[in-house]
Amino acid sequence: METYARTTLLVPDGEFVREDFAHVFESPGWHTLRLTVDAAGEVDEADETDNVYTREVYVRPSWVFLYYFCNGASLEDACETKFRAIAAEAGQHDFHAYVMWDHLASEDRVFSMKNDPDWVGGYSRGTDCWTAQDIGLTDPEFDTGDVSTFTHYVDFVLSRESTNSQYALIIFNHGAGVHPTRGGVPDTTLTDAVPLRAGICLDSTGSYLSVKELGDCGEYLAGQLEHNIEVVHLDACLMQMLEVSHEFRDSADLLVACEDAEWSWGEGTGWERRYLA
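(A) The overall build of the chain, seen in detail. In terms of regular secondary structure, the chain is built from five helices and eleven strands. Out of the 277 residues in the chain, the part that is buried amounts to 45%. With the model as given, the accessible surface of the chain reaches about 14,100 Å², and the carbon-plus-sulfur share is 50%.

Now the structure itself:
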């Protein structure tokens, strides 16, 4: 409902109340609602400066998707495929997606997703993409195996989104569960000198999140939301294990992962959104 002062000959100090405005917005997020009265200046008024009424309106998405991409040396092409798939579905009323992308060679960025698959030139820094320093990190390279990188990402997203939305966390990379592996490094370096690692986000730098650290990440996000994460999708190999589920026992409602060597390679938000529907 909107109430406006309205003066007429019969009611010199009256009010005009309008309750049937239809507000239609293309996508979730902040929008400017502007109402202009007597735009052509045909009505002679003592004060012509109050003919435009403006209000900032926030449209809350039903779901917020947080994607956490670690390239793991061999997954850069897969990350790009997934990015394009997310962009194809972005801007719909029922969800808003963010992608934190640890590139193999290009500058690492956080993206607020829209209908634009061009991650190189289609997004503007400070408007819909941000560097590591923009979200509070000191190193320009995202270390996705560092819990601090995850918490900075969460804090940044929650500074822009309502915690009252439902949340899905999707982590895409190499995984090993609790079984140590040398995965996530170039084949040419697969020697006994490469340390064994267990967990997820097995980066080519040697960094990774242990199963315990992964659980710490889930607890942090749930704590900031002040409610459980509705869905956690570990889009990596070998992550559907009892030990992994145990780490999310108090922070997530649903855990989706694979017991075998598998990724949802070509999917963007499609798999998650169909699952939630």
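(B) Molecular detail of helix H3 (residues 211–225). Across its 15 residues, H3 extends 21 Å between first and last C-alpha, which sits within 8% of the 21 Å expected from 1.5 Å per residue. Turning to H3, its buried residues are Val211, Leu214, Gly215, Cys217, Gly218, Leu221, Ala222 and Leu225. Down the axis of H3, the buried side of the element spans an arc of 155°, and every buried residue falls inside it. Where H3 is buried, its residues touch helix H2 (147–158), strand S9 (166–172), strand S10 (229–235) and helix H4 (242–247). With its phi angle positive at about 65°, glutamate 226 sits one or two positions after the end of H3.

(C) Spatial organisation of the nonpolar core. By size, the foremost hydrophobic cluster in this structure holds 39 residues, and its most contacted members are Ile200, Ile229 and Leu234. Every element with two or more residues in this core is listed here: strand S5 (63–70), strand S6 (95–102), H2, S9, H3 and S10. In this structure isoleucine 229 touches Tyr167, Leu169, Gly218, Leu221, Ala222, Ser251, Ala252 and Asp253, once residues within four positions along its chain are discounted. Listed in part, the 25 residues of the second largest apolar core include Phe65, Phe69, Tyr123 and Ile170.

(D) Structural detail: the environment of glutamate 230. Structurally, glutamate 230 can be placed in strand S10. The class of glutamate 230 is buried, set by a relative accessible area of 17%. Each C-alpha atom, one on glutamate 230 and one on glutamine 166, is 6.2 Å from the other, the two residues being 64 residues apart in sequence. Those residues in contact with glutamate 230, other than ones at most four positions away along the chain, are Trp63, Gln166, Tyr167, Asp253 and Leu254.

(E) Representation of the sheet that holds S6 in the model. In space, the seven strands of this open sheet follow the order S8-S7-S6-S5-S9-S10-S11, with mixed pairing throughout. For this open sheet the edge positions go to strand S8 (129–130) and strand S11 (252–256), each flanked by a neighbour on one side alone. Relative to S9, S5 runs parallel, the two sharing seven bridges. Each bridged residue has a counterpart across the sheet, and for valine 64 the counterpart in S9 is tyrosine 167. Strand contacts of helix H1 (residues 76–89): S5, S6, strand S7 (109–112), S9 and S10, with the helix running at about 160° to S6, the strand carrying the most contacts. Relative to the sheet, H2 contacts S5, S6, S7, S8 and S9, its axis offset from that of S5 by approximately 150°.

What counts and what doesn't
- Residues numbered from 1 in each chain as written.
- Predicted model: local features only at pLDDT ≥ 70, side-chain atom pairs only at ≥ 80, totals over all residues.
- Heavy atoms only, no water.
- Helix = DSSP H or I, 4+ residues; strand = E, 2+ residues; numbered from the N terminus.
- Buried < 20%, exposed > 50% of the residue type's maximum accessible area, 1.4 Å probe, protein only.
- Areas by Shrake-Rupley, 256 points an atom, 1.4 Å probe, with all protein chains shown as cover.
- Expected span 1.5 Å × (residues − 1).
- Arc of directions from axis to C-beta.
- Contact = heavy atoms within 4.5 Å.
- Core = buried A, V, L, I, M, F, W, Y, C linked by side-chain atoms within 4.5 Å.
- Pairing = 2+ DSSP bridges.
- Axes fitted to C-alpha atoms, helices over the stretch in contact; angles between N-to-C directions.

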